[in-house]
Amino acid sequence: MRKTLVAGNWKMNMVADEALALAKGVVQSAGEFGQTEALVCPPYIWLSQVNETIKKSTVKLGAQDLFWEDKGAFTGEISAAMIKSAGCDYVIVGHSERRQFFGETDRTVNKRLNKAVDSGLIAIVCLGENFQQRESGLTSSIISSQFENAFLNFDQFDKVVVAYEPIWAIGTGKTASPEQAQEVHQQLRGLLEQKTDKYDTIRILYGGSVKPGNAAELISKPDIDGFLVGGASLKAADFVGIIKSSL
Ligand code: 13P
């Protein structure tokens, strides 16, 4: 009932010709994606060009972030309207790298989320614990607190995808086991249930060292509805491999 979503977060990778080649590589295999939705999230600067490459295919476009103001003197920032006009349907919000390196807080995640959905974008809201928090048994309380703060006074859950990305598994080659991931996804499903009676229709993605070789086992879990992929989304063959393993 929930359509699997596999999203590639290219992060700060790819110069122009690489970005176009990667987008083309994904589009070439799009006929084999079945019911699975594929999404690419290139750096802002390549959004329009990647959109030209993918727009006739089923592959969707997303941005990696947005600013919550409409326009004005905010040097270096990108608005929801800009992202939409570049062809995006989706935007990532609250990625742990934004939290870690760029001062993102639960409060600013909430502001970005509201602007994204008010502008007609689907927001992929990221949350996850770090290694110390997991080791100290704090995973579940961190997840609850990030969830409650991100979705404070929010009710447009039909425009939301949640992504569980344990920080200790991002870019480290360590993946959460399917059981560890399912445990948190189940908790998130319960938190969604407290907010909306449509909780069963909302996709919860897993992110953290997803590869073609571990995707099938993860997707077999009942509350894992797809992936947010970093490193392995930078090679078309690997990204396509993950999608095919998720069918
Ligand atoms: P990796 O797949 O490189 O671990 O990155 C995950 C991620 O942060 C996706 O947003």
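This report concerns the structure included in the present document. (Residues numbered from 1 in each chain as written. Predicted model: local features only at pLDDT ≥ 70, side-chain atom pairs only at ≥ 80, totals over all residues. Heavy atoms only, no water.)

1. Some words on empty space enclosed by the protein
Enumeration according to the criterion identifies one cavity of 30 Å³ or more in this entry. Its volume calculated, the largest cavity comes out at about 40 Å³. Contributions of two or more residues to the lining of the largest cavity are made by helix 4 (96-101) and strand 5 (122-127). Grouping the constituent residues of the lining of the largest cavity by class yields two nonpolar, five polar and two charged. (1 Å grid on protein atoms, 1.4 Å probe; cavity = no way out; pocket = protein on both sides within 12 Å on 5 of 7 lines; lining within 4 Å. Points joined across faces, edges and corners; volume = space filled by probe spheres on them. Helix = DSSP H or I, 4+ residues; strand = E, 2+ residues; numbered from the N terminus. Nonpolar A, V, L, I, M, F, W, Y, C, P; charged D, E, K, R; others polar.)

2. Brief notes about the nonpolar core
In terms of nonpolar packing, the biggest core is built from 66 residues, with F151, L188, Y206 and F227 touching the most fellow members. Residues within four places of Y206 in sequence aside, it is in contact with Y164, P166, A169, T175, A176, A181, H185, L218, I224, G226, F227 and L228. With 12 residues, the next largest nonpolar core counts C41, C126, L205 and L228 among its residues. (Core = buried A, V, L, I, M, F, W, Y, C linked by side-chain atoms within 4.5 Å. Buried < 20%, exposed > 50% of the residue type's maximum accessible area, 1.4 Å probe, protein only. Contact = heavy atoms within 4.5 Å.)

3. Some words on helix 5 (residues 106-118)
Given 3.6 residues per turn, any residue in an α-helix points the same way as the ones three and four places further on. The terminal C-alpha atoms of helix 5, which comprises 13 residues, lie 18 Å apart, in line with the 18 Å expected from a rise of 1.5 Å per residue. For helix 5, the full list of buried residues reads D106, T108, V109, N110, R112, L113, K115, A116 and V117. Where the residues of helix 5 are buried, they touch helix 3 (80-85), strand 4 (90-93), helix 4, strand 5, helix 7 (139-150) and strand 6 (160-164). Two residues or fewer past helix 5, G120 is found with a positive phi of approximately 90 degrees. (Expected span 1.5 Å × (residues − 1).)

4. Comments concerning the layout of surface pockets
Space inside the largest pocket adds up to approximately 500 Å³. Taken together, 16 residues make up the lining of the largest pocket; nearest its centre are K11, M12, Q64, R98 and F102. For the lining of the largest pocket, the element with the most residues is helix 4, which contributes three residues. Classifying every residue of the lining of the largest pocket by side-chain character gives seven nonpolar, four polar and five charged. By volume, the second largest pocket amounts to about 250 Å³. Lining the second largest pocket are 19 residues, and of these K11, G171, S209, G230 and G231 sit closest to its centre.

5. Focus: the pairing of strand 5
Within strand 5, five of the six residues are buried, leaving the element largely enclosed by the surrounding structure. As paired elements, strand 4 and strand 5 share four bridges and run parallel to each other. Bridging across to strand 5, V91 finds its partner in A123. Relative to strand 6, strand 5 is paired through five bridges, and the arrangement is parallel. Of the residues in strand 6, the one forming a bridge with V125 is V162. (Pairing = 2+ DSSP bridges.)

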